[in-house]
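Each chain is listed here by its residues.
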Amino acid sequence: MVLAEISALEVLANTLKVLVAFGAIMALIPQLIWIERKVAAWIQHRAGPNKVGLPRWKILGPLAGFHLWGLLQPLADVVKLLFKEDFVPRRADKILFFLAPALVFVPIALAFAVIPFGWGSWFGQGEGAFFVKYQIFDISAGVLFAFAVSSVAVHGLTLAGWSSYNKYSQMGAVRASAQLISYEAAMFMAVLAVVMQAGTLRLDEIVLAQTQHGWGILTQPVAFVVFLVCAFAETNRAPFDFPEAEPELIAGYHLEYGSMKFGLFFLGEYFGMVVQCSLLTTLFLGGWTLPGIPAKPDNFWMSLTGPIIFSAKVFLLLLLFIQVRWTLPRFRFDQLMSLGWKRLIPIALANLVFTALLGVALSR
Amino acid sequence: MAAATFQELLSNTMFQYFLVFVFTAFGVVFVILNVDVLGKLLFRPVMPDPLKLTTYECGEPTIGSSWVQFDIRFYTVALIFIVFDVEVVFLFPWAAVFAKLGAPAFTKVMIFVGVLAVGFINAWKKGDLDWVTSIAAHDLAAQKDARLARARQRALETEERRAA
């Protein structure tokens, strides 16, 4: 089958799917920031953002000036970032300084492309009918793609710190790269055990395997814990927020960044959170499936349950991320390194060997 | 007919790469729109000022180059990481077909993992995984001293017993 045989309608439907998936996340990230600030406020016994709401226009009637629980605060922040002057420090490397935020944001966003957020649905009738998978990039090495692409973001952080020509940025960048690569190794090995159990690198098949053999969190509890800890570290969030440790490094690698360039780092961090939570959901929490609801629905309306269940699971994990951030204090750097190298990697390796042993024993 | 199309669609990697290209294009366009075109053309002020462009290090005038030397331990971490990264690259295809290959594949990969584990243990024992090497070295020296003291004590005790 060649590319020409795919109808224009099919291309359009798939492009629309890409747009909807990307747009949904970009639209949800401001709300996520609002939730984060609200949860932080509740944990610290404050009110949190509660002023920015609807404007006092007469058209809105009784709703004019309604505070809307501060829900429009992130929107106001985005507008502020857009209107800020965008200047480059005199001694910075101009090209790399521009490239770095994009190199952080785009790879992280790209990692989301392989995540299946539903099974899919048939569109059209008869000859022209086509199947749209609820997964942007259906590749046979999906797991590998997700991790390979998301680890490119390390280069973005390192370049950001290096090109800023600032000692604090430099230190933040070096720390960030050391932290990200340390936890990547453990994360990969945790995922290997899951891949071995499912016998495939396709993320949708991993989800379907979980519907038969039980969710990954039950069959691979050790891998789940290791992956969860690594996910916190990979997104640079507390208790692993060394790269931007405010009291020591001011803000780390994005110290010299302002305006929407800073906004991209910020978006990248939250997008990274969404991606890590999606990977956790897909690998360990049964993805878009729930027991009792068909994993491969046969009509369009039933196929919508997939994305809904998937987002609900991701949302619960995001709440966990937020709560952990505002509950635990930051580690010391040597604690970070010894946790990564002396605890998580040996545990993940042992889990891998154990899974393989069990696989050999059970196959006989 | 319909099922056949589905199978063919799955095998059509070109189409999938087209989709990922579309996705990347969305990302890149989003970045460029936000950072450069939209902002600069429409609503971002440009008010140059020499002080604004200086490096910010808590308000103090900066001293020397910003590309300072950093600790060599960061390089050690990166080196050990490369070993594990390469290991994972080899293990991913193995893990995917493990169920079909069974016991022979298991033993061979375990030899591979074992060799890596020896290297890892070596790095661990040499103290390359300890971040605060000075304290770790101090601890090691203290342990050695304690061991020597215990041995000396034991030697003394046996001598006393012999004398008695």
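The structure under discussion appears in the preceding block.
The shown structure was predicted, so the numbers you read here are calculated from the model rather than taken from an experiment.

Caption draft 1: Fine view of the pattern of salt bridges. All names here are of chain A. This structure, assessed with the given rule, holds seven salt bridges over all chains. In this structure, Arg237 and Glu36 form a salt bridge, with 2.9 Å as the shortest nitrogen-oxygen distance. Of the two residues, Arg237 sits in the loop between helix H9 (221-234) and helix H10 (246-249) while Glu36 sits in helix H1 (residues 8-43), which places them 201 residues apart along the sequence. Comparing Arg237 with Glu36 shows no difference in burial state: the two are buried.

Caption draft 2: Inspection of the packing of helix H3 (residues 94-111) of chain A against helix H5 (residues 153-163) of chain A at higher detail. Residue and element names in this part refer to chain A. Relative to each other, H3 and H5 sit at 160°, their axes nearing to 8 Å. In terms of their interaxial angle, H3 and H5 are classed as roughly antiparallel. Crossing handedness for the pair H3 and H5: left-handed. Contact residues: Leu96, Phe97, Ala100, Leu103, Val104, Pro107 and Ile108 in H3; Ala153, Gly156, Leu157, Leu159, Ala160, Trp162 and Ser163 in H5. Considered class by class, the residues forming the contact of H3 with H5 number twelve nonpolar, two polar and no charged.

Caption draft 3: Local environment of the environment of Lys167(A). Examined against the element boundaries, Lys167(A) turns out to sit in helix H6 (residues 167-198). The partly exposed category is assigned to Lys167(A), whose relative accessible area is 22%. Spatially, the C-alpha atom of Lys167(A) lies 9.2 Å from that of Gly252(A), the residues being 85 residues apart in sequence. Those residues in contact with Lys167(A) that lie beyond four places of it in its chain are Glu57(B), Ile63(B), Gly64(B), Ser65(B), Ser66(B) and Val68(B).

Caption draft 4: Expanded view of the packing of aromatic side chains. On inspection of all chains with the given rule, the structure shows 20 aromatic pairs over all chains. Here the aromatic rings of Phe105(A) and Phe271(A) are separated by 5.8 Å at their centres, their planes lie at 85°, and the arrangement is edge-to-face. With a gap of 166 residues between them, Phe105(A) in helix H3 and Phe271(A) in helix H11 (residues 259-284) connect regions that are remote in the sequence. Neither Phe105(A) nor Phe271(A) differs from the other in exposure class; each is buried. For the ring pair Phe224(A) and Phe284(A), a centre distance of 5.4 Å and an interplane angle of 70° mean the geometry is edge-to-face. Separated by 60 residues along the polypeptide, Phe224(A) in helix H9 and Phe284(A) in helix H11 bring together distant segments of the chain. Each member of the pair, Phe224(A) together with Phe284(A), is buried. An aromatic cluster of at least three residues, connected via ring pairs, comprises Phe147(A), Phe188(A), Phe224(A), Phe227(A), Phe284(A) and Phe92(B).

The rules behind each value
- Residues numbered from 1 in each chain as written.
- Chains lettered and ligands numbered in written order.
- Predicted model: local features only at pLDDT ≥ 70, side-chain atom pairs only at ≥ 80, totals over all residues.
- Heavy atoms only, no water.
- Salt bridge = Lys/Arg side-chain N within 4 Å of Asp/Glu carboxyl O.
- Helix = DSSP H or I, 4+ residues; strand = E, 2+ residues; numbered from the N terminus.
- Buried < 20%, exposed > 50% of the residue type's maximum accessible area, 1.4 Å probe, protein only.
- Axes fitted to C-alpha atoms, helices over the stretch in contact; angles between N-to-C directions.
- Parallel < 35°, antiparallel > 145°, perpendicular 65-115°, else oblique.
- Left-handed = near helix turned anticlockwise from the far one by under 90°.
- Contact = heavy atoms within 4.5 Å.
- Nonpolar A, V, L, I, M, F, W, Y, C, P; charged D, E, K, R; others polar.
- Phe/Tyr/Trp six-rings, centres within 6.5 Å; stacked < 30°, edge-to-face > 60°.

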